[in-house]
Amino acid sequence: MSDLLHVTSSPHVRGKDDTTRIMLYVIISLLPATCFGIWNFGVHALLLILVTVASCVLSEYFYEKLLHKRSTIKDLSAVVTGLLLALNFPSTIPLWMAILGGMFAIIVVKMLFGGLGQNFMNPALGARCFLVISFTGYMTDFSGYKDYVDAFASATPLATIKAGGSVDVMRMILGTTPGTIGETSAIALLIGAIFLILMGVIDLRIPGTYILTVAIFTLIFGGRGFDAQYLVAQICGGGLLIGAFFMATDYVTSPITPTGKIIYGIILGLLTGIFRIFGASAEGVSYAIVFTNLLVPLIERFTVPRAFGVVREKGGKKA
Amino acid sequence: MGLKTFKGGVHPYDGKDLSKSKPVTDYLPKGDLVFPLSQHIGAPATPIVAVGDSVLRGQKIAEASGFVSAAIFSSVSGTVKAIEPRRTTTGDMVNSIIIENDGAFTEVTYDSCEDVLSLSKEQIIERIKEAGVVGMGGAGFPTHVKLSPKEPEKIEYIIANGAECEPYLTSDYRNMMDEAELLIGGMNIVLSMFPNAKGIIGIEDNKPDCIERLTKMCASEPRIDVAPLMTKYPQGGERQLIHAVTGRDINSKMLPADAGCIVDNVETLISIYRGVKLGRPVITHNFTVTGDAVAEPQNFRICVGTNFEELLEAAGGLKASGAKKMIAGGPMMGFALFDLNVPITKTTSALICMTEDEASLYEPSACINCGRCVEACPEQLIPSRLADFAEHGQKGEFEKWYGLECIECGSCTYGCPARRHLAQSIKTMKKLVLADKRKK
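Structural notes, computed from the coordinates. Values in this document were obtained by computation on a predicted structure and should not be read as measured data. (Residues numbered from 1 in each chain as written. Chains lettered and ligands numbered in written order. Predicted model: local features only at pLDDT ≥ 70, side-chain atom pairs only at ≥ 80, totals over all residues. Heavy atoms only, no water.)

## Section: the interface of chain A and chain B
Here is step 1: Taken together, the 42 residues of chain A in the interface contact 63 residues of chain B.
Here is step 2: Scanning the region where chain A abuts chain B turns up two salt bridges.
Here is step 3: Where Glu-300 of chain A meets Arg-385 of chain B, a salt bridge forms, and the shortest distance between an N and an O atom there is 2.7 Å.
Here is step 4: In this structure, the connection of chain A to chain B is made through 21 residue pairs in polar contact (both at pLDDT 80 or more).
Here is step 5: The set of elements that each furnish at least two residues to the side of chain A that touches chain B consists of α1 (19–41) and α13 (258–278) of chain A.
Here is step 6: Taken together, the residues of the side of chain A that touches chain B sort by class into 19 nonpolar, twelve polar and eleven charged. (Contact = heavy atoms within 4.5 Å. Salt bridge = Lys/Arg side-chain N within 4 Å of Asp/Glu carboxyl O. Polar contact = N/O pair within 3.5 Å; in protein donor to acceptor, adjacent residues only side chain to side chain. Helix = DSSP H or I, 4+ residues; strand = E, 2+ residues; numbered from the N terminus. Nonpolar A, V, L, I, M, F, W, Y, C, P; charged D, E, K, R; others polar.)

Here it is as structure tokens:
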């Protein structure tokens, strides 16, 4: 044997999924919503998407280069952050704002805290909240919608409902309504979500409990009783679907423990319901997710699963 | 009937087609044979021969020292060349008896037993002990000790582990196809010692022919049944097997006997039959030489003490592409060898030669908290966190999050997308924590 043998600790074989492949699956799953968003909102939406992704990737690249760290842009996590962030923008914001958002998401929320796996809050949502607080006017201008008529008609469906109007639920399911670039089409988002579930990237523990809790909360506190149209509108609108399936399921900022995921989904649902129904704004998803992200370490600590065969009794292990 | 299984586990590439259908051929060694005095759990055996002594095949060369220990027998006839430390598959240097093979394979006469049913329980245990039978699934626990639980009347299940969940391995498969009568004979001997028990042979469903064959044979056996199991690694793990077959759960502080079960590998049960009925000690067993770098993957019946390198030559040696990794055992829990000049012991069942080493192909990257390790862990642990505690030396947290329950199966590391060395960190930390406990 002329070559030396490799010696490592077991196991000596590996599965085929790596971080990059998982990120690729997420990107693919967002393509239906992305394509629909570009169709619904026009060329500027496409520009925003490209610019945001570029801003995220380049921010990560230059940050790592400046600090002499190994470059991690190949793992595509910056691309995912950029895409998700862009899909959460109204289509009318200026490009410089998108660039700023990308830089904030990557440099502040992700890199300053230790890079991939160390961010304590969802980078895309963190950046979105930063922009909403700093540039509220721009970030709530939903006039980019292709069937724009006037400011009143271009309010997002949930805003319309809160103001007392009614919405066409079929349009919400299809997606031809005002809103952020990626959140409008329930169908496009669900196609992507099913793909992710089939690829084993996400399961229903978080999105399922989240959406169910919102539905039940709305049923009880929505003030409209069992109004099917209203309930469906609440689920399809306000970024709940994109939030539940693509943002709340972000691995890094959601609990790793199985029971923790369920509790996380329930808290998200409660907060979203509270913000929407009792809060001033019609939205609630971004803030609910960002806030509950902060609770995740606590949730994990209280939901450590009992190991196989161990009985969690005060007297010690079962003999 | 529905397939039984356990929660968790992974599905690595099966790899068994390389050697599955190759019939078992006897390999008679040519070179020296090396018998490490410790090839079982418990105290190392004490040599009862000296340098220069002549020995026969089947002769005892080392005595069990203490209750938890096992005897060792020569598998060839020849002369004791030396008694000195030699390298084993784990990389340790272990005191061993080296026997120079005279090539004649002259055997002792064995003391066979006409009617095993007439033997008392103590006599059976004695014969098993005198045959040097240990757990041949890999752990090497002395079988006569395992079959002497404190409360034998509480034993309700004798489980034969025919899962062979490690990829590539086909030695147990061949045992079940070729020596099924001996397996059932061995089970009946054990069942005769435990009147309240029923026998169950657990077989994964990637071996449908074994399931069919043994089910037919067990049709006429009132106390033995076959339990088909879902093919999933690590179904052959003792705790997972007991859970799947009986629904009972044990933790690291318990023995299977505490759950009324005794689990033995199929090769062990066959050895019990050979030992009790035929009076033959453990000097041979099935062994698979396989992997994509081996010229002729196949199954052998080897003599304990045979040199790995010699056996690889018998399988045609390596292909021209060479091998980057040689594993003694299976790919999930086996030991990577840096030198093939090591002996086959009672407990190693395979040599796998891989052209590529998957474990070193990737650089570990940051944990993304994806939870695949959590889904994979058959012990319901959080391997990612345990590895973090291990890497930061946090012994207290490691124990609190049930790190000591880890069975070191490697499922977590197999599926980790960040390619973290989870199993390695956890295994190392377990050793440190257990060593600390022993000091106290």
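## Considerations on the state of the cysteines
All names here are of chain B.
Here is step 1: Per the stated rule, a full pass over the model turns up zero disulfides over all chains.
Here is step 2: Left unpaired, Cys-218 is separated from the closest cysteine sulfur, that of Cys-210, by 12 Å.
Here is step 3: For the unlinked cysteine Cys-412, the closest cysteine sulfur is that of Cys-409, found at 6.4 Å. (Disulfide = S-S within 2.5 Å.)

## Details of the pairing of strand β9 (residues 157–162) of chain B
Here is the key point about a regular strand: its side chains alternate between the two faces of the sheet.
Residue and element names in this part refer to chain B.
Here is step 1: Burial within β9 is extensive, with six of its six residues counted as buried.
Here is step 2: Neither face of β9 is open: one carries Tyr-157, Ile-159 and Asn-161, the other Ile-158, Ala-160 and Gly-162, and all of them are buried.
Here is step 3: Alignment of β9 against strand β10 (residues 198–204), held across six bridges, turns out to be parallel. Across the sheet, Ile-159 pairs through a bridge with Ile-200, a residue of β10. (Buried < 20%, exposed > 50% of the residue type's maximum accessible area, 1.4 Å probe, protein only. Pairing = 2+ DSSP bridges.)

## Things to note about helix α5 (residues 208–218) of chain B
Three or four residues apart is the spacing at which side chains of an α-helix point the same way, because the helix has 3.6 residues per turn.
All names here are of chain B.
Here is step 1: Every buried residue belonging to α5 is among Cys-210, Ile-211, Leu-214 and Cys-218, and all of these are buried. Projection of α5 onto a plane perpendicular to its axis shows the buried side chains occupying an angular sector of 95°, all on one side.
Here is step 2: Its buried side turned inward, α5 meets α3 (171–178), α4 (180–193), β10 and β11 (224–229). (Arc of directions from axis to C-beta.)

## With respect to the nonpolar core
Soluble, globular proteins show a tendency: their nonpolar side chains are buried together.
Here is step 1: Grouped together as the largest cluster of nonpolar side chains are 84 residues, with contacts concentrated most on Phe-89, Val-201, Tyr-210, Phe-246, Tyr-264 and Ile-289 of chain A.
Here is step 2: Considering each element in turn, this core owes the most residues, nine residues, to α1 of chain A.
Here is step 3: Setting aside residues no more than four positions away along its own chain, Val-201 of chain A makes contact with Ile-22, Tyr-25, Val-26, Leu-196 and Tyr-251 of chain A together with Arg-372 of chain B.
Here is step 4: Counting residues in hydrophobic clusters, the runner-up holds 43 residues, among them Cys-113, Ile-125, Met-176 and Ile-203 of chain B. (Core = buried A, V, L, I, M, F, W, Y, C linked by side-chain atoms within 4.5 Å.)

## Let's talk about the pattern of salt bridges
All names here are of chain B.
Here is step 1: For the structure on display, the rule yields 34 salt bridges over all chains.
Here is step 2: Close ionic contact of Arg-174 with Asp-178 constitutes a salt bridge, the shortest N to O distance being 3.0 Å. Highlighted residues: Arg-174 and Asp-178, both in helix α3, separated by four residues, approximately one helical turn.
Here is step 3: A relative accessible area of 11% places Arg-174 in the buried class.
Here is step 4: The class for Asp-178 is partly exposed, based on a relative accessible area of 34%.
Here is step 5: Glu-391 is the partner of Arg-420 in a salt bridge, and the nearest nitrogen-oxygen pair spans 3.5 Å.

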